[in-house]
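In case you want the letters, here they are:
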Amino acid sequence: ASTPFRLFAEDQEPQLEISELANSTLTYEKKNELNLGFDASLWNNRLGITFDYYTRKNFDEIGPMVTAGLGGEIIRAANVAEMNSNGVELSLSSVNIRTKDFTWTTNFIYSHATTKITKLFNQGNVMSLVSGNGFAKKGYPARALFSIPFVGLNNDGVPMVINEKGQVTTDDINFQERTQTDFLKYEGPTDPTHTGSLGNMFTYKGLRLNVFFTYAFGNVVRLDPKFRARYNDLVSMTNAFKNRWMASGEEKETNVPGILSKSQYMANTNVRLGYNAYNYSDVRIAKGDFIRLKEISLGYDFPAEMFQHSMIKNRALNLQATNLFLLYADKRLNGQDPEFYNVGGVASPMPERKSVV
């Protein structure tokens, strides 16, 4: 709803606007699915096993469809895709040690999932395919990530890439190209194919210690697009700039482009396309694999007899720390969090937290 313009304020009245055209051909997404599961408990409940397998065939998947624009909308939702997916999930829980005063238990979770788009009526443009969120393309996983092939630096330190025409260029690439996208290099899915966690709980009398890890493997991450043809005082630079091109001949030793002078930029402002292409090239990719110490907590339950004549009901003290650090991650991330996807340009990384309760 909105308020239309009227000459006099006392004549104003609300009006309804059409935000989206009716779409009578759109239907629900559907799937055929098979699930198989197995549960077991062994050695007097000292070991528990849960295993699940699934396979799915999704069809009538909804996505954006570029149309001729009849009716007033160019991009409309449509049932454009079919996709196959398979996966397994394994859960193990064990009581490793159990005595009168001490207990050690472990919980392990592992899952593996793969997807493949088998039918697709729409086609993403180059920018959609190379941006860090991933995009759909027939024959590849959902949210697949592609890159612009990087050739090297010229003797001015300007990045050279291959464009949609198969040409080596520094300033001629169409990021809106939709039909000629086979020149892009496939990097992998942006969603991890292997995920899980490992938790260990230790108890000794009233003390409880919980150590919890999470992990993920099998995906790729687009490094932050920090490079550009022009900079100002408001731009922050990563450590990668320490290895940038600075003199002729260094293009044989580094793949980090140099910083252009104002005269160089004004001589060819289209060079900004080459710098932007460098941000989305195959040298600006890292593995998303990681192992994270997700949580450590230490708790103590005070003996009940200490508070039997008190109104206090909470007889426990807990110290907790979350997102402490990464035990393993690709060095190419250079401090970038592999779990953090910068969507929209404004976001915060996962914070480290410590608390006492």
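Anyway, here's the lowdown on the structure attached to this text.

About the thresholds
- For every chain, the first residue of its written sequence is number 1, and the numbers climb from 1 along that sequence.
- Per-residue local features are limited, in this predicted model, to residues with pLDDT of at least 70; the limit for side-chain atom pairs, both in listing and counting, is 80 or more; totals at the level of whole chains, interfaces and linings are taken over all residues.
- The basis for every side-chain value is the complete set of non-hydrogen atoms in the structure, without hydrogens or water.
- To form a nonpolar core, buried Ala, Val, Leu, Ile, Met, Phe, Trp, Tyr and Cys residues must be joined to one another through side-chain atoms within 4.5 Å.
- The cut-offs for exposure are 20% and 50% of the maximum accessible area for each residue type, with area from a 1.4 Å probe on protein chains only; residues under the lower value are buried, those over the upper are exposed, and the others partly exposed.
- Secondary structure follows DSSP: runs of H or I at least 4 residues long count as helices, runs of E at least 2 residues long count as strands, and numbering of each begins at the N terminus.
- Whether two residues are in contact is decided by their heavy atoms, any of which lying within 4.5 Å being enough.
- Two rings from Phe, Tyr or Trp (for Trp, the six-membered ring) form a pair when their centres sit within 6.5 Å of each other. Planes less than 30 degrees apart are called stacked, planes more than 60 degrees apart edge-to-face, and all others tilted.
- Distance and angle both matter: a charge sits over a ring if NZ of Lys or CZ of Arg is within 6 Å of the ring centre and within 35 degrees of the ring normal.
- Residues forming no salt bridge and having over 30% relative accessible area are the ones grouped into patches, like charges within 9 Å of each other and nonpolar side chains (Val, Leu, Ile, Met, Phe, Trp, Tyr) within 5 Å.
- Per-residue and other accessible areas were derived by the Shrake-Rupley procedure at a 1.4 Å probe size, with only the shown protein chains allowed to occlude residues.
- Note on definitions: salt bridges are taken to be side-chain nitrogens of Lys or Arg within 4 Å of carboxyl oxygens of Asp or Glu.
- DSSP calls a pair of strands paired once it identifies at least 2 bridges connecting them.

Residues V126, I148 and L184 are the most contacted members of the largest nonpolar core, which totals 22 residues. Contributions of two or more residues to this core are made by α1 (126-130), β5 (144-147), β6 (150-153) and α3 (271-279). The element contributing the most residues to this core is α1, with three residues. Contacts of V126, omitting those with residues within four sequence positions, involve I148, N174, F175, E177, T181, F183 and L184. Core analysis: the next-biggest nonpolar cluster, separate from the first, contains six residues, V158, L260, Y265 and Y275 among them.

This part takes up the packing of aromatic side chains. Scanning the entire structure with this criterion turns up 10 aromatic pairs. Relative to F146, the ring of Y140 has its centre 5.0 Å away and its plane inclined at 80°; by these criteria the two rings are edge-to-face. Accessibility expressed as a relative area gives 27% for Y140, which makes it partly exposed. One aromatic cluster in this structure is built from F150, F227, Y231, F241 and Y278. If you follow R56 out to its NZ or CZ, it ends over the ring of Y54, 4.2 Å from the centre.

In this section: a nonpolar patch on the surface. A cluster of nonpolar residues, Y204, L207, L298 and L319, forms a patch on the protein surface that exposes about 340 Å² of accessible area. Mapping L298 onto the fold places it in strand β14 (residues 290-301). The exposure class of L298 is partly exposed, given its relative accessible area of 37%.

This next bit is on α3. Taken as a whole, α3 has its buried residues at V271, G274, Y275, A277, Y278 and N279. In the core, the buried residues of α3 are packed alongside β6, β7 (159-162), β12 (220-222) and α2 (262-267).

Next up on the list: unusual backbone geometry. The backbone of R143 sits at a positive phi, close to 55°, despite the residue not being glycine. The residue R143 is located in the loop between α1 and β5 in this model. Although it is not a glycine, K205 sits at a positive phi angle of roughly 55°. With respect to the helices, strands and loops of the structure, K205 is situated in the loop between β10 (194-204) and β11 (207-217).

The next thing to look at is the pattern of salt bridges. Summed over all chains, the structure comprises 12 salt bridges. R76 serves as the salt-bridge partner of E73, at 3.3 Å between the closest nitrogen and oxygen. Note that D191 is salt-bridged to R143, the shortest N-O span being 3.0 Å. Of the two residues, D191 sits in the loop between β9 (185-189) and β10 while R143 sits in the loop between α1 and β5, which places them 48 residues apart along the sequence. Assessed through its relative accessible area of 32%, D191 is described here as partly exposed.

Across a regular strand the side chains alternate sides, sitting on one face of the sheet and then on the other. When strand β1 (residues 30-42) meets strand β2 (residues 47-66), the two strands line up antiparallel, connected through 13 bridges. Considered in β2, the bridge of L42 is made with L47.

Once that is clear, we can look at the sheet that holds β7. Taken together, the three strands give an open sheet; going across it, the order is β6-β7-β8, and neighbouring strands pair in antiparallel fashion. At either margin of the open sheet sits one strand with a lone partner, and together these are β6 and β8 (168-169). Inspection of the sheet shows β7 paired to β8 by two bridges, in the antiparallel sense. For V161, the partnering residue across the bridge sits in β8 and is T169.

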